[in-house]
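Structural features, examined
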Amino acid sequence: MESYRSHYGNQRNIVQERPYNGLKNQGATCYLNSILQCLYMTEDFRQEVERFVPDQRNPDKESLMQELQKLFKEMKKGDCTTEGITQRLGIANVYEQEDVVEYYQKTLKAIGPQSSKVFEGKMSNKTKCINDHIFEEECHFFTIPLAIEAGHSEVFEVHNGLQTFFERINLDEDNWLYCKQCGQKNETETWNEIKDLPTILTLYPKRFYFDYYKMRPVKNHCHMDIPLQLVMSTNLKYELYAVINHIGNESGGHYNAVIKSFEDGKWYCFDDTSVREAYLLMYRSNFSILSLTQPLFSHLSERGARPFQVFRHCQQNSNLLSPSAGAEYTEVLQILSKSLNI
C-alpha cells in the first residue's frame, strides 16, 4: 500500500498546468506586465495582434505590433520576458516604476489607430458663454479620468464619479474664457459629451493628487464601490472584465491585474510570473437595469443601483479584496469593460 508520505510527495511533484502564463519582472516593470496582460486578455485586441501583417516595404523596421505578436505567441508557451516591448517603448530604466495609466495610453498610441481602435472613443468638450455662444472641441480618448470626491475614510462610488465627469460646471471668474463673438471674457459654462463610445471603455479613478497643505503628492486610500455593469445608452451595455490594482502609496508600490477570461469565464490574478485563479463573489442589493429611455448616464444617479463585487483568492485574500468590502490595498487605476449589445 502506498504510504501517505510517498503519495503526498508524488502529488507535490505533479506540475499543474496553467491556462495562462506570466511575465517576468525586469526590475520594476510590474506596471507594464499588468497592461500587457490586460491587452492579451482582450479578445478583440489579441485577434488584431495575431492577424497583424508587417509592412513589407520596410522589412528591417520592426514595430511595437510585431513585438506584441512575438510576445503573445510566447505567452501561450510559458512565462516570458518583455525586453522587446520595453525597448520599443523607449523604457531605459526598468528599475524605475512608471505610471500605469500613462504607459497604457502610450502603448496604444504607439501601435497606431488601426490596431488600437477598439479602445478609442471620441469626446467633445463644450463651453458656453452667458450669451449662449457655444464653442466645441473634439478629441479622441483612450481613458476617462474620474476625480475622487471622497475622503480617505469614505467610499468612492465609480458610477457617481462617471456622472460627475459629465456634469456641467460654471467656472470661477478667474477662469472665465474669452468669447470671440462677444469680444470679451464672459461667464463660462463647460461640460463633456461622448460622441463615439469605444468597444472597450477604460476608466481610471485619480488616486494620486497634489496636497497643497503638505506640498507633496499623496494617494487617496478610500474604499471603492465598483459596478459590474454600466448601461451607457439604449443599446449598449458594458461589463467589467479587468481591474489593474496598485498596492502601496505615493512613494511606490506594486501593480497586478485581476482579469476575467473570455475563454473560460473564470477570474485570474496576474502578478508578474504568478498566475492564479481568483474566486469572485458577487452581491447585488436592490439593483435592476433602469429605464433605457432615460438620458445617457442619468440612471447612474439613481439610489439603490449599487452592485459591488468581492475578489477573493483562496491563498492570498488581502491582494484581491473588493474596494466596497473594505480593502485598503485595491487601488483601481483602470477599469476595462467590454461592450455588449442588449
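As the structure is a prediction and not an experimental result, all values here were calculated from the model. (Residues numbered from 1 in each chain as written. Predicted model: local features only at pLDDT ≥ 70, side-chain atom pairs only at ≥ 80, totals over all residues. Heavy atoms only, no water.)

Quick look at the overall build of the protein
For the protein, the count of helices and strands is seven helices and 19 strands. Relative to its full complement of 342 residues, the protein shows a buried share of 44%. Excluding contacts between residues fewer than 6 apart, the proportion of contacts in the protein whose partners are at least 24 apart in sequence is 66%. Summed over all atoms, the accessible surface of the protein reaches about 18700 Å², with 46% contributed by carbon and sulfur. (Helix = DSSP H or I, 4+ residues; strand = E, 2+ residues; numbered from the N terminus. Buried < 20%, exposed > 50% of the residue type's maximum accessible area, 1.4 Å probe, protein only. Contact = heavy atoms within 4.5 Å. Areas by Shrake-Rupley, 256 points an atom, 1.4 Å probe, with all protein chains shown as cover.)

Considerations on helix α3 (residues 43-50)
Within α3, the full set of buried residues consists of Phe45, Arg46, Glu48 and Val49. All buried residues of α3 lie within an arc of 160 degrees about the axis, which places them on one face of the element. Where the residues of α3 are buried, they touch α2 (30-40), α4 (64-75) and α6 (100-111). (Arc of directions from axis to C-beta.)

Remarks on the packing of aromatic side chains
For the coordinates displayed, the defined rule picks out 10 aromatic pairs. Relative to Phe119, the ring of Phe45 lies with its centre 5.6 Å away and its plane at 65 degrees, an arrangement referred to as edge-to-face. Residue Phe45 is found in helix α3, and its partner Phe119 is found in the loop between α6 and β1 (121-129); the two are separated by 74 residues along the sequence. You'll find Phe45 and Phe119 in the same group, each marked buried. Centre to centre, the rings of Tyr268 and Phe270 are 6.4 Å apart; their planes meet at 55 degrees, and the pair counts as tilted. Members of the aromatic cluster, connected to one another through ring pairs, are Tyr40, Phe45, Phe72, Tyr104 and Phe119. (Phe/Tyr/Trp six-rings, centres within 6.5 Å; stacked < 30°, edge-to-face > 60°.)

A word on a negative patch on the surface
Where like charges cluster on the molecular surface, the negative patch consists of Asp172, Glu173, Asp174 and Glu187. Relative to the assigned elements, Asp174 resides in the loop between β5 (169-170) and β6 (178-179). (Patch = residues over 30% accessible without salt bridge, like charges linked within 9 Å, V, L, I, M, F, W, Y side chains within 5 Å. Salt bridge = Lys/Arg side-chain N within 4 Å of Asp/Glu carboxyl O. Lys, Arg positive; Asp, Glu negative; His and termini not counted. Charge placed at Lys NZ, Arg CZ, Asp CG, Glu CD.)

Section: the confidence of the model for the protein
In the predicted model, the protein carries a mean pLDDT of 78, and the fraction of residues at 70 or more is 75%. Here residues 1-15 is modelled with pLDDT under 50, and outside its nearest four sequence neighbours on either side it reaches two contacts, counting other chains as well. A low-confidence stretch, residues 280-342 (pLDDT under 50), is modelled with 180 contacts involving residues beyond four sequence positions or located in other chains. (pLDDT = per-residue confidence, 0-100.)

Considering the sheet that holds β5
One key point about sheets: their strands pair by backbone hydrogen bonds, in either a parallel or an antiparallel sense. On the basis of which strands lie adjacent, the open sheet formed by four strands has the order β2-β1-β8-β5 and antiparallel pairing. One side of each edge strand has no neighbouring strand; the edge strands of this open sheet are β2 (134-141) and β5. Relative to strand β8 (residues 188-196), β1 runs antiparallel, the two sharing eight bridges. By the bridge assignment, Met123 is partnered in β8 with Ile194. (Pairing = 2+ DSSP bridges.)

Remarks on the packing of α2 against α6
The N-to-C vectors of α2 and α6 enclose an angle of 50 degrees; their axes lie 9 Å apart at closest approach. If you check the angle between α2 and α6, you find them oblique. Our pair here, α2 against α6, has a crossing hand that is right-handed. For the pair formed by α2 and α6, the contact residues are Tyr31, Ile35 and Leu39 on the first element and Val100, Tyr103, Tyr104, Thr107 and Leu108 on the second. Its residues placed into classes, the contact of α2 with α6 shows seven nonpolar, one polar and no charged. (Axes fitted to C-alpha atoms, helices over the stretch in contact; angles between N-to-C directions. Parallel < 35°, antiparallel > 145°, perpendicular 65-115°, else oblique. Left-handed = near helix turned anticlockwise from the far one by under 90°. Nonpolar A, V, L, I, M, F, W, Y, C, P; charged D, E, K, R; others polar.)

Focus on the nonpolar core
Leu39, Leu68, Phe72 and Phe119 are the most contacted members of the largest nonpolar core, which totals 44 residues. Broken down by secondary-structure element, the contributors of at least two residues to this core are α2, α3, α4, α6, β9 (200-205), β14 (236-249), β15 (252-260) and β16 (267-271). Here this core takes eight residues from α2, the largest share from any one element. In contact with Phe72, other than residues within four places in its own chain, are Leu36, Leu39, Tyr40, Phe45, Arg46 and Val49. Among the nonpolar cores identified, the runner-up in size contains 27 residues, and Leu146, Leu201, Leu228 and Ala278 belong to it. (Core = buried A, V, L, I, M, F, W, Y, C linked by side-chain atoms within 4.5 Å.)

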